[in-house]
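# Coordinates in review
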Amino acid sequence: MSSSTLPRTPLSARVVALASVAVLGGAVLTACGSDAGSGEGSAQTGPVVVASTSVYADIAEQVAGGNATVESVISDPAADPHSYEASPADAAAVTGADLVVYNGAGYDSFVDRALENADDVHVVRAVDEFERVTGETIAGHSHGDHDHGDEHDDEHGHEDEHGAEDGHDEHGDEHGHDDHGADDSHGGHDYDSDTNEHVWFSLPTAAAVAERVAEELAAIDEANAEEYRENADRFADSLAPLEAQLDEIHDRGHFPYAQTERIGAHLFDAAHMVDLTPRGFLASIEDDTDPSAADLSAMLDLMAEREVAFLAFNTQTETSVTARVRDAAESADVAVLDLTETLPEGMDYTEWMTQIVDSLSSALDGATPVDDGGH
């Protein structure tokens with residue numbers, strides 16, 4: 001059976017497609033649970049995996065190989081998952097899945113709400129895997145979603161018996177580096193990793209998600225358990241060169257940067273970079289409000305005075321304010337590193353991260369490291 005993702009189509013077409021998926025999923029569950037014959041033309045019998053975004057769908061698809069169908073609720077590379085409004089068809093796809101893979105911590109809270117009406121759905125939640133490999137907890141955020149936040153406590157048949165000491169951290173930081181983002185303070189700007197739910201930019205977390213997907217699929221489909229685990233190992237191995245490349249960047253020194261939103265911070269933390277973005281600026285952008293005049297001025301000064309090696313720019317949440325910051329960076333010849341929250345068209349996860357890390361390394365050519373504040 002071939003795996004697939006939902007096509008990147010306009011909303012109206014995607015809703016129809018998801019509704020069809022939900023109907024098909026119901027037919028599959030009915031067929032599997034009955035004594036009816038399974039002659040020619042019968043529905044598929046492999047697991048159905050539903051992911052909240054194309055990022056998690058791709059990771060799951062790499063693990064599943066040809067043994068499962070993988071669907072992404074959000075597959076439009078221009079969509080902003082923070083503000084995504086799920087349809088009834090989306091909820092039906094989630095509740096009808098054998099396995100659901102999503103971020104958690106309120107980032108894709110529509111999944112939490114759908115799972116409240118689901119029974120016996122296997123779940124992989126990326127923020128839980130982040131906690132396992134780092135020992136840090138990501139606090140839930142509502143993103144203006146009326147406090148729905150992260151209320152899902154894995155109560156749908158998925159029990160996490162693998163603590164942070166289960167050997168899973170073999171994909172973690174093997175080089176003795178502390179997590180630069182956990183308790184960092186540079187020039188009065190302190191940032192806590194527990195406020196950054198964009199955990200797919202943590203390479204060890206991505207490997208952890210793949211490993212957990214393999215275990216969940218193995219429990220659902222024992223006949224292909226070994227293949228799932230081998231695929232997860234292969235995925236983790238594909239990330240090892242990127243982790244080595246980040247270590248090489250760290251060995252070059254601690255480079256300062258600024259960002260319009262903290263989506264890539266976990267990746268930059270792995271290279272022990274120094275974030276000089278005014279905290280108030282980040283808080284306002286994440287709260288969908290205008291930054292204060294002082295915070296905006298400080299951000300623009302970082303660009304004009306070339307105090308940072310690059311600006312990390314979220315292209316999916318561009319506003320007039322962030323566009324102004326980007327213009328200032330480009331006018332001052334500060335490198336701009338474009339980031340997105342969903343997979344670019346035609347790329348898988350490893351290719352995407354490779355492009356980002358390569359661009360990051362190039363942006364640092366000729367840049368001057370700074371004191372890292374003792375880290």
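Starting afresh in each chain, residues are numbered from 1 along the sequence in its written order. This being a predicted model, a pLDDT of at least 70 is required before a residue's local features are given, and a value of 80 or more before pairs of side-chain atoms are given or counted; all residues contribute to the totals for chains, interfaces and linings. Only hydrogens and water are removed before side-chain values are computed, so all heavy atoms of the structure are retained for them.

### Examining the pairing of strand 2 (residues 69-74)
Formally: Throughout, exposure labels follow a simple rule: accessible area from a 1.4 Å probe, protein chains only, divided by the maximum for the residue type, with under 20% read as buried, over 50% as exposed, and the rest as partly exposed. In DSSP terms, a helix is any run of H or I states spanning at least four residues, a strand is any run of E spanning at least two, and both are numbered starting from the N terminus. What makes two strands pair is DSSP finding at least two bridges between them. Note on handedness: a clockwise path from strand one over the helix to strand two, with the strands aimed away from the viewer, defines a right-handed crossover.
Burial analysis of strand 2 places six of its six residues in the buried class, which makes it a mostly covered element. Bridging between strand 1 (residues 48-53) and strand 2 involves five bridges; their strand directions are parallel. By the bridge assignment, Ala 51 is partnered in strand 2 with Ser 72. In this fold, the crossover linking strand 1 to strand 2 by way of helix 2 (residues 54-64) has right-handed handedness.

### Details of helix 9 (residues 279-286)
This is how it is decided: In this context, the arc is that of the directions from the helix axis out to the C-beta atoms.
For helix 9, the full list of buried residues reads Phe 281, Leu 282, Ser 284 and Ile 285. What you see down the axis of helix 9 is that its buried residues fit within an arc of 165°, all on one side. At the C-terminal side of helix 9, Asp 288 shows a positive phi close to 60°.

### Concerning the layout of surface pockets
Convention followed: In the cavity and pocket records, a cavity denotes points on a 1 Å grid over the protein atoms alone where a 1.4 Å probe fits but cannot get out, a pocket denotes an open set with protein on both sides within 12 Å along at least 5 of 7 lines, and lining residues are residues with an atom within 4 Å of a point. Grid points are joined across faces, edges and corners, and a volume is the space filled by probe spheres set on the points.
The volume enclosed by the second largest pocket comes to roughly 260 Å³. If you trace the second largest pocket, you find 15 residues lining it, with Glu 261, Ile 285, Glu 286, Asp 288 and Thr 317 closest to the centre. Elements represented by at least two residues in the lining of the second largest pocket include exactly helix 9 and helix 11 (320-331).

### Section: the packing of helix 7 (residues 225-252) against helix 12 (residues 349-363)
Each packed pair of helices is defined by two parameters, the angle between the axes and the distance between the axes. The cut-off we apply is this: Throughout, an axis means a line fitted to C-alpha atoms (over the contacting stretch in the case of helices), and angles, computed between N-to-C directions, take values from 0 to 180 degrees. Note that the term roughly parallel is reserved for angles under 35 degrees, roughly antiparallel for angles over 145, roughly perpendicular for angles of 65 to 115, and oblique for everything else. Only heavy atoms enter the contact rule, under which two residues are in contact if any of them lie within 4.5 Å. Residues were grouped as follows: Ala, Val, Leu, Ile, Met, Phe, Trp, Tyr, Cys and Pro as nonpolar; Asp, Glu, Lys and Arg as charged; and all remaining residues, including Gly, as polar.
Where helix 7 meets helix 12, the closest approach of the two axes is 10 Å, and the angle between their N-to-C directions is 10°. It follows that helix 7 is roughly parallel to helix 12 by the angle criterion. Seen from helix 7, the contacting residues are Phe 235, Ser 238, Leu 239, Leu 242, Gln 245, Leu 246, Ile 249 and Arg 252; seen from helix 12, they are Tyr 349, Thr 350, Met 353, Thr 354, Val 357, Asp 358, Leu 360 and Ser 361. When the residues that make up the contact of helix 7 with helix 12 are grouped by side-chain class, the tally is nine nonpolar, five polar and two charged.

### Things to note about the pairing of strand 1
The buried fraction of strand 1 is high, at six of six residues. Where strand 1 lies against strand 3 (residues 99-102), three bridges are found, and the strand directions are parallel. Paired with Val 50 across the bridge in strand 3 is Val 100.

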